[in-house]
Amino acid sequence: MARTRKPAVDGWFTGEGDGFRLLGTRCAACGSVFFPREDVHCRNPGCAGGDLEEVPLSQRGRIWSYTDSRYRPPSPYVSDAELPWEPYALIAVELASERIVVLGQAVPGITAADLTVGMEVEVVPGVLGEDAQTTWTTWHWRPTGVAA
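Just so it is clear, the structure is predicted and the values come from calculations on it, not from any experiment.

Novice: Would you mind showing me how to read the packing of aromatic side chains here?
Specialist: The geometry of an aromatic ring pair comes down to the distance between the two centres and the angle between the two planes. Under the definition given, this model contains 6 aromatic pairs. Where Phe35 meets Trp139, the ring centres are 5.4 Å apart and the plane angle is 80°; that geometry is what we call edge-to-face. With Phe35 in the loop between strand S4 (33-34) and strand S5 (52-56) and Trp139 in strand S10 (residues 134-143), this residue pair connects regions lying 104 residues apart in the sequence. Summarising the burial analysis for this pair, Phe35 and Trp139 share the class buried. Ring-pair connections join several aromatic residues into one group, and the members of that group are Trp12, Phe13, Phe20, Phe35 and Trp139.

Novice: Before we go on, may I ask you to explain the side chain of Gln105 in this structure?
Specialist: When you line up the elements, Gln105 lands in strand S8 (residues 101-106). Taking relative accessible area as the criterion, Gln105 reaches 18% and is therefore assigned buried. A distance of 3.4 Å separates the side chain of Gln105 from the side chain of His140, its partner in a polar contact. Beyond its immediate stretch of four places on either side in the chain, Gln105 contacts Tyr88, Ala89, Leu90, Trp139, His140 and Trp141.

Novice: So what exactly am I meant to see when it comes to a nonpolar patch on the surface here?
Specialist: Taken together, the side chains of Trp64, Val101 and Leu103 make up a nonpolar region of the molecular surface, amounting to roughly 330 Å² of accessible area. Note that Val101 resides in strand S8. Exposure remark for Val101: the relative accessible area of 36% places this residue in the partly exposed category.

Novice: Can you walk me through the pairing of S10 in this structure?
Specialist: Strand residues, when the strand is regular, have side chains that alternate between the two faces of the sheet. Burial within S10 is extensive, with 9 of its 10 residues counted as buried. Relative to S10, strand S1 (residues 4-7) is paired through 4 bridges, and the arrangement is parallel. Note on S10: the bridge partner recorded for Lys6 is Trp136. Pairing analysis gives 2 bridges linking S8 to S10, with the strands arranged parallel. If you follow Gln105 over to S10, its bridge partner there is His140. Pairing analysis gives 9 bridges linking strand S9 (residues 120-130) to S10, with the strands arranged antiparallel. Opposite Val124, over in S10, you have His140 as the bridge partner. Hairpin connection between S9 and S10: a loop of 3 residues separates the two successive antiparallel strands.

Novice: Explain unusual backbone geometry to me, please; I cannot follow it from the model alone.
Specialist: Negative phi values dominate among residues other than glycine, just as trans dominates among peptide bonds. Note the cis peptide between Phe35 and Pro36, where omega equals 0°. Along the chain, the position of Pro36 falls in the loop between S4 and S5. A positive phi angle is found at Arg99, which is not glycine, with a value near 60°. With respect to the helices, strands and loops of the structure, Arg99 is situated in the loop between strand S7 (88-95) and S8.

What counts as what
- Residues numbered from 1 in each chain as written.
- Predicted model: local features only at pLDDT ≥ 70, side-chain atom pairs only at ≥ 80, totals over all residues.
- Heavy atoms only, no water.
- Phe/Tyr/Trp six-rings, centres within 6.5 Å; stacked < 30°, edge-to-face > 60°.
- Helix = DSSP H or I, 4+ residues; strand = E, 2+ residues; numbered from the N terminus.
- Buried < 20%, exposed > 50% of the residue type's maximum accessible area, 1.4 Å probe, protein only.
- Polar contact = N/O pair within 3.5 Å; in protein donor to acceptor, adjacent residues only side chain to side chain.
- Contact = heavy atoms within 4.5 Å.
- Patch = residues over 30% accessible without salt bridge, like charges linked within 9 Å, V, L, I, M, F, W, Y side chains within 5 Å.
- Areas by Shrake-Rupley, 256 points an atom, 1.4 Å probe, with all protein chains shown as cover.
- Salt bridge = Lys/Arg side-chain N within 4 Å of Asp/Glu carboxyl O.
- Pairing = 2+ DSSP bridges.

Pasting the structure below:
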C-alpha cells in the first residue's frame, strides 16, 4: 500500500521539485513579510495594519546561524524510541529578498561540519517522518551546488 503524502503543517509550503516554495504573508500597508504565515493581523508594531496576502518566499538565502541536534528531543516531538537517534543540522537562513530569517533542518547527509555562516542554501522538499499510512512532508535547506 502506498503512503499518502501530507504536509506537516498545512499552508506553509507548496509545490514539488524546482517549484517548491515556502509560503508567507505580506502586509499591504507596510510591506512586512512573515513566516510562519500570519493570517489575522500585521505583527509589525509600527503598522496600523492592512490586508495580508499570501506570497511565495525566496527559494534561496544565506546561512545566518546553524547548530546540530545531538539528542532526542522530549515530547511532544514524535520519534521512534526503538530506532537509534540520528543527529541532524538545524539552519537559520536569511532569505535573499525578504531579509527575514527562517529556520529548518538541513537535508539528510549534511552536518554542521559541512556548513558555514554566509553559505548560500536553497529550500527543497523534505520528509519529517513516516508511519504505515502517511509520509509527513516539510522543507529542508540544501547548500547550493549539492545534488539532491
